[in-house]
Amino acid sequence: MDSFGETEHENACQDGITRFPGIVGQSDAMRRAFDLVEKVADSDSNIVVTGETGTGKGLLARAIHQYSHRCDKPFVQINCSAIPENLVESEFFGHVRGAFTGATTAKPGRFEIADGGTICLDEIGDMNLDLQVKILRVLEEREFEPVGGIKTVQIDVRVVAVTQHDLEKAVELGRFREDLFFRLCVIPIILPALRDRRSDIPLLVSHFLQHFNAAKKKCLEGFSEEALSILYHYPWPGNVRELKNLVERLVVLKREGVITARDLPEKMRDTMECRFPSRKPELPADGICLNSALSEFERTLIYQSLEKTNGVKKKAAELLNIKRTTLVEKIKRYHSETSTLEESAG
Ligand SMILES: Nc1ncnc2c1ncn2[C@@H]1O[C@H](COP(=O)(O)OP(=O)(O)OP(=O)(O)O)[C@@H](O)[C@H]1O
Ligand SMILES: [Mg+2]
């Protein structure tokens, strides 16, 4: 249990916040994902976890392994896009001594190391087509030959594939083999972006604050309402990872007290300002005529509503949440005020 203590986990479970150590969520989407993991973890079926970067795909893949009967066997993660082309085969299937220059000893591949356990094929959408054929054979026949070897190795592994891309689309585009897709995608799990499950944000914020306060021996009390509101409305392109990194940075830099809006990065405050521009009028030092200021404000909004609806008064009134007849009266009044002003000026 690396990032969440036993007691916190028990409390959180009772609150229905998390059923897996270190994974926090209370949104409907996360509850559905948790339900699915509980149902399928022990089934041995292959799983594809899809979601944007930082949504917790790696975390979920590990949870699936931990809740399966394979939990005492290895969990081996391999990033399919990060291995140099010339080493890919040996990385997956191992090699015998002398298989190629530099292969001074035999080395087992990741499939063999994962035997009995789970192999997590990360970024599977980036796997090249040649390798896809070889992986398909392993999944179908549960055997392979190491590079340079003639002896067949039998293995028993469960595959959890992880991808940021829509694999079905990749199949349509001819970038991913359809047969491998069907072999892998017995159970699809989709992790939604954080901006589509905002109710998880306050929970994640306090989870990470508690975690980093403990890890860094700090005692930050929490976030101000304004700061929380900014975090709630920010679009989080880097998802939970971006949120986690931000909380860590704030804990390190602030050390104690309450985190306020001023402590947050400018780009986050700007997002809030764009969504909810502050319309605070300035009171001049020599005072103001409140009645004319209010009429001016009303006149501007009426003008904008008519502009937005191409002069259709019924629609403009709807935008302003007033009756059409009230709008017509107000327009008439402003017209007569304007013409009186014009007449007296002329
Ligand atoms: N629901 C969650 N509860 C707690 N921590 C989370 C949650 N989701 C993600 N995290 C944390 O956010 C970070 C990113 O998660 P993870 O690496 O699993 O994302 P990912 O979807 O695999 O991203 P990538 O596609 O970039 O590899 C990790 O530190 C993880 O612990
Ligand atoms: Mg990952």
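Residues numbered from 1 in each chain as written. Chains lettered and ligands numbered in written order. Predicted model: local features only at pLDDT ≥ 70, side-chain atom pairs only at ≥ 80, totals over all residues.

### With respect to the overall build of the protein
Here is the rule: To qualify as a helix, a DSSP run of H or I must reach at least 4 residues; to qualify as a strand, a run of E must reach at least 2; elements of each kind are numbered from the N terminus. With C-beta atoms placed from the backbone, a residue is labelled by how many other C-beta atoms lie within 10 Å of its own: buried for 20 or more, exposed for 12 or fewer, partly exposed between the two. Residues are defined as contacting one another if the C-beta atoms placed from their backbone atoms lie within 7 Å.
Within the protein, the secondary structure is distributed over 15 helices and eleven strands. The proportion of buried residues among the 346 residues of the protein is 27%. For the protein, long-range pairs separated by at least 24 residues make up 71% of all intrachain contacts whose partners lie at least 6 apart in sequence.

### Focus on the sheet that holds strand β1 (residues 47-50)
The criterion, for reference: Here a strand pair is declared whenever DSSP counts at least two bridges between the two strands. Simply put, an axis is a line fit to the C-alpha atoms, just over the touching stretch for a helix, and the angle between two N-to-C directions goes from 0 to 180 degrees.
The strand order across the open sheet formed by five strands is β2-β5-β8-β1-β9, and the pairing between neighbours is parallel. Only two strands of the sheet have a single neighbouring strand rather than two, namely β2 (75-79) and β9 (187-190). On average, adjacent strands in this sheet sit at an angle of 20 degrees to one another, irrespective of strand direction. Judged from the four bridges that link them, β1 and β9 form a sheet pairing that is parallel. Opposite Val48, over in β9, you have Pro188 as the bridge partner. Against the sheet, helix α3 (residues 57-66) makes contact with β1, β2, β5 (118-122), β8 (158-163) and β9, and its axis sits at roughly 170 degrees relative to β8, the strand it touches most.

### A few points about the site of ligand 1
Operational definition: Here is the check we use: build the C-beta atom from the backbone, and if it is within 6 Å of the molecule or strand, call the residue near. Three residue categories are used. Nonpolar comprises Ala, Val, Leu, Ile, Met, Phe, Trp, Tyr, Cys and Pro, charged comprises Asp, Glu, Lys and Arg, and polar comprises the others, including Gly.
Neighbouring ligand 1 are 16 residues, the closest being Thr53, Gly56, Lys57, Gly58 and Val240. Elements represented by at least two residues in the shell around ligand 1 include exactly α3 and α11 (239-254). Its residues assigned to classes, the shell around ligand 1 comprises four nonpolar, nine polar and three charged.

### Brief notes about the confidence of the model for the protein
Counted only if it meets this: Scored from 0 to 100, pLDDT reflects the predictor's confidence in each residue.
Looking at the protein as a whole, the pLDDT averages 88, with 89% of positions reaching at least 70. Ignoring residues within four places in sequence, the model shows residues 1-16, a span with pLDDT below 50, making 16 contacts including any to other chains.

### Quick notes on the packing of helix α9 (residues 201-215) against α11
Put simply, the rule reads: Note on angle classes: values under 35 degrees are labelled roughly parallel, values over 145 roughly antiparallel, values of 65 to 115 roughly perpendicular, and the remainder oblique. Working rule for handedness: look at the near helix, and if it is turned counterclockwise from the far one by less than a right angle, call the crossing left-handed; if clockwise, right-handed.
Here α9 crosses α11 at 45 degrees, and the two axes come no closer than 9 Å. What the angle tells us is that α9 and α11 run oblique. When you trace α9 past α11, the crossing you get is right-handed. For the pair α9 and α11, contact is made by Leu204, Val205, Phe208, Leu209, Phe212 and Asn213 and by Val240, Leu243, Lys244, Val247, Glu248 and Val251, respectively. For the contact of α9 with α11, the per-class residue count stands at nine nonpolar, one polar and two charged.

### Remarks on the environment of Gly117
Within the secondary structure layout, Gly117 lies in the loop between α5 (110-113) and β5. On the basis of neighbour count, Gly117 is assigned to the partly exposed category, with 19 C-beta atoms found within 10 Å. In sequence terms Gly117 and Asp156 are 39 residues apart; their C-alpha atoms lie 7.5 Å from each other. In this view, Gly117 contacts His65, Arg70, Lys73, Pro74, Phe75, Val76 and Val157; residues no more than four positions away in its chain are not counted.

### Here's the deal with unusual backbone geometry
A positive phi is found at Trp236, a non-glycine position, where the angle reads about 50 degrees. As for its placement among the helices and strands, Trp236 is situated in the loop between α10 (225-233) and α11. Even without being a glycine, Asn310 presents a positive backbone phi close to 50 degrees. Using a count of 8 C-beta atoms within 10 Å as the deciding quantity, one classes Asn310 as exposed.

### Details of the pairing of β1
Consecutive residues of a regular strand have side chains that alternate between opposite faces of the sheet. The two faces of β1 match: Ile47 and Val49 on one face and Val48 and Thr50 on the other face are all buried. Relative to β8, β1 runs parallel, the two sharing four bridges. Bridge pairing in β8 places Val49 opposite Val162.

### Comments concerning α3
Those residues of α3 that sit buried are Lys57, Leu60, Ala61, Ala63, Ile64 and His65. In this structure, the buried residues of α3 make contact with α2 (28-40), β1, β2, β5, β8 and β9.

### A look at the environment of Gly148
Examined against the element boundaries, Gly148 turns out to sit in the loop between β6 (143-144) and β7 (153-154). Beyond its immediate chain neighbours, meaning those up to four positions away, Gly148 contacts His95, Val96, Gly98, Ala99 and Phe100.

### Looking at the packing of α9 against α10
How two helices pack is summed up by the angle between their axes together with the distance between the axes. Contact pair α9 / α10: the axes reach a minimum separation of 9 Å and the direction vectors enclose 120 degrees. Classified by the interaxial angle, the pair formed by α9 and α10 is oblique. Crossing angle aside, the handedness with which α9 passes α10 is right-handed. Across from Ile201, Pro202 and Val205 in α9, the residues of α10 making contact are Leu228, Leu231 and Tyr232.

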